[in-house]
Amino acid sequence: MWGRWALNTFILTFFAVVAGVFSTSLTAYAFARLRWPGRDTLFVFVLATMMLPSVVLLIPQFIVFANLPAFGFQGSRVWVNTFLPLIVPGLMGGTAFHIFLLRQFMRGIPMSLSESAKLDGASELRILWSIVMPLSKPALATIAIFSFQGAWQDFMGPLIYLQSERLYNLQLGLRQFDFAAGGAPAWNWLMAASLVVMLPVLTMFLAFQQYFIEGISVAGSVGK
């Protein structure tokens, strides 16, 4: 089952990274580069959600997903025991910290670039895709690393929503490996398996650490 669990983890992580980077880019661009009524007030509310522990939302989110029909099928618990509750929330604008980080970085990009593009007839989406996102690679890489780490090491989400063993990710697989020993676990095998599961996260960080450090430092130095 380890191969199946690894495939499930790769699927969840891939969609988490893609959805997180995509939705966060749109949200951060709106807060950083566009002018609209109530922008700053709404951004304060977004930041306020960082003070809300994620554990508090577990039961309400489960109730919502357990009674939310999907793809036209009626009835409850349609989303439970699927990957949907673990993927779809990533498309809802990203986490508050990621939005804040990318917004601060985008605010450091000169507005003259966007204004010049508008004079040439570029739309906001074209400016985001062709100008802002290429210049925001360090911040985007930082968000990708955080998203990768969070999805790869996620234990609580799969534990709540995934009931079939064939849908487990590697974190739940480690728990099954621990329980399969019965009584006292074989710590040597458990630690070895944990190290193998952790290697992709270490590899991801080492491969993009330059962008990670630059993204954190630059975003942190940009004033409001």
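These notes cover the structure that comes with them. (Residues numbered from 1 in each chain as written. Predicted model: local features only at pLDDT ≥ 70, side-chain atom pairs only at ≥ 80, totals over all residues. Heavy atoms only, no water.)

### Focus on the overall build of the protein chain
Counted only if it meets this: What counts as a helix is a DSSP run of H or I of at least four residues, what counts as a strand is a run of E of at least two, and both are numbered from the N terminus. Three labels apply to residues, based on accessible area from a 1.4 Å probe with only protein chains included: buried if under 20% of the type maximum, exposed if over 50%, partly exposed otherwise in between. Any two residues having at least one pair of non-hydrogen atoms within 4.5 Å are treated as being in contact. Calculation of accessible area relied on Shrake-Rupley with a 1.4 Å probe; when residues are assessed, cover is drawn exclusively from the protein chains displayed.
Check the secondary structure of the protein chain and you find 12 helices and 0 strands. What you see in the protein chain, going N to C, is helices and strands ordered as α-α-α-α-α-α-α-α-α-α-α-α. For the protein chain, buried positions account for 37% of its 224 residues. Across the protein chain, the fraction of contacts at a sequence separation of at least 24, relative to all contacts at a separation of at least 6, is 73%. Split by element, the accessible area of the protein chain, about 12,800 Å² in all, is 70% carbon and sulfur.

### A word on the layout of surface pockets
The test is simple: Buriedness of a pocket was judged along seven lines, with at least five required to meet protein on both sides within 12 Å; pockets are open sets of points on a 1 Å grid over the protein atoms alone, cavities are sets where a 1.4 Å probe fits but cannot get out, and lining residues have an atom within 4 Å of a point. Grid points are joined across faces, edges and corners, and a volume is the space filled by probe spheres set on the points.
If you add up the space inside the largest pocket, you get close to 1,400 Å³. If you trace the largest pocket, you find 39 residues lining it, with Ser54, Gln61, Pro89, Gly90 and Thr95 closest to the centre. With 5 residues, the single largest contributor to the lining of the largest pocket is helix H9 (residues 156-161). A volume near 200 Å³ is recorded for the second largest pocket. Lining the second largest pocket, in full, are Val18, Val21, Phe22, Ser25, Leu26, Leu125, Leu128, Trp129, Met133 and Leu140.

### Description of the nonpolar core
Within soluble globular proteins, side chains that are nonpolar generally end up buried alongside one another. This is how it is decided: Side-chain atoms within 4.5 Å link the members of a nonpolar core, which is a set of buried Ala, Val, Leu, Ile, Met, Phe, Trp, Tyr and Cys residues.
Formed by 37 residues in total, the largest nonpolar core has its most connected members in Leu102, Met106 and Val132. When residues of this core are traced back to their parent elements, those giving at least two are helix H1 (2-33), helix H5 (96-107), helix H7 (124-135), helix H8 (137-152), helix H10 (170-180) and helix H11 (187-207). Per-element accounting of this core gives the leading share, 8 residues, to H1. When neighbours within four sequence positions are excluded, Val132 is seen to be in contact with Tyr29, Arg33, Met106, Ile109 and Ile127. Counting 5 residues, the second-largest nonpolar core is a separate cluster that includes Phe31, Phe43, Val46 and Ala96.

### Side note on the side chain of Ser147
By secondary structure assignment, the location of Ser147 is in helix H8. Setting aside residues no more than four positions away along its own chain, Ser147 makes contact with Ala16, Val17 and His98.

### Here we look at the packing of H8 against H11
Rule in force here: Every angle, taken between N-to-C directions, lies between 0 and 180 degrees, and every axis is a line fitted to C-alpha atoms, over only the stretch in contact when it is a helix. For classification purposes, an angle smaller than 35 degrees is called roughly parallel, one larger than 145 roughly antiparallel, one from 65 to 115 roughly perpendicular, and anything else oblique. Residues are grouped as follows: Ala, Val, Leu, Ile, Met, Phe, Trp, Tyr, Cys and Pro are nonpolar; Asp, Glu, Lys and Arg are charged; all remaining types, including Gly, are polar.
One can describe the packing of H8 onto H11 by two numbers: an axis separation of 10 Å at closest approach and a directional angle of 175°. The orientation of H8 relative to H11 falls into the category roughly antiparallel. Residues Ala144, Ile145, Phe148, Gln149 and Trp152 of H8 form the contact with H11, whose participating residues are Val197, Pro200, Val201 and Met204. Among the residues making up the contact of H8 with H11, the classes are represented as 8 nonpolar, 1 polar and no charged.

### Observations regarding the pattern of salt bridges
Defined as follows: Definition used for salt bridges: Asp or Glu carboxyl oxygen within 4 Å of a side-chain nitrogen of Lys or Arg.
Tallying each qualifying case throughout the model produces 2 salt bridges. Residue Arg39 pairs with Asp40 through a salt bridge whose shortest N-O separation is 3.3 Å. One salt bridge connects Lys118 with Glu124, and the closest N-O pair in it is separated by 3.1 Å. A relative accessible area of 28% means that Glu124 is categorised as partly exposed.

### As for H5
We apply this condition: To estimate how far a helix should reach, multiply one less than its number of residues by 1.5 Å.
The terminal C-alpha atoms of H5, which comprises 12 residues, lie 16 Å apart, in line with the 16 Å expected from a rise of 1.5 Å per residue. Most of H5 sits inside the fold, with 9 of its 12 residues counted as buried. Burial in H5 covers these residues: Ala96, His98, Ile99, Leu101, Leu102, Arg103, Gln104, Phe105 and Met106.

### Some words on the packing of H7 against H8
Between H7 and H8, the shortest axis-to-axis distance is 5 Å and the interhelical angle comes to 75°. Here H7 is positioned roughly perpendicular relative to H8, judged by the angle of their axes. From H7, Met133, Pro134 and Leu135 reach across to H8, where they touch Lys137, Pro138 and Leu140. For the contact of H7 with H8, the per-class residue count stands at 5 nonpolar, no polar and 1 charged.

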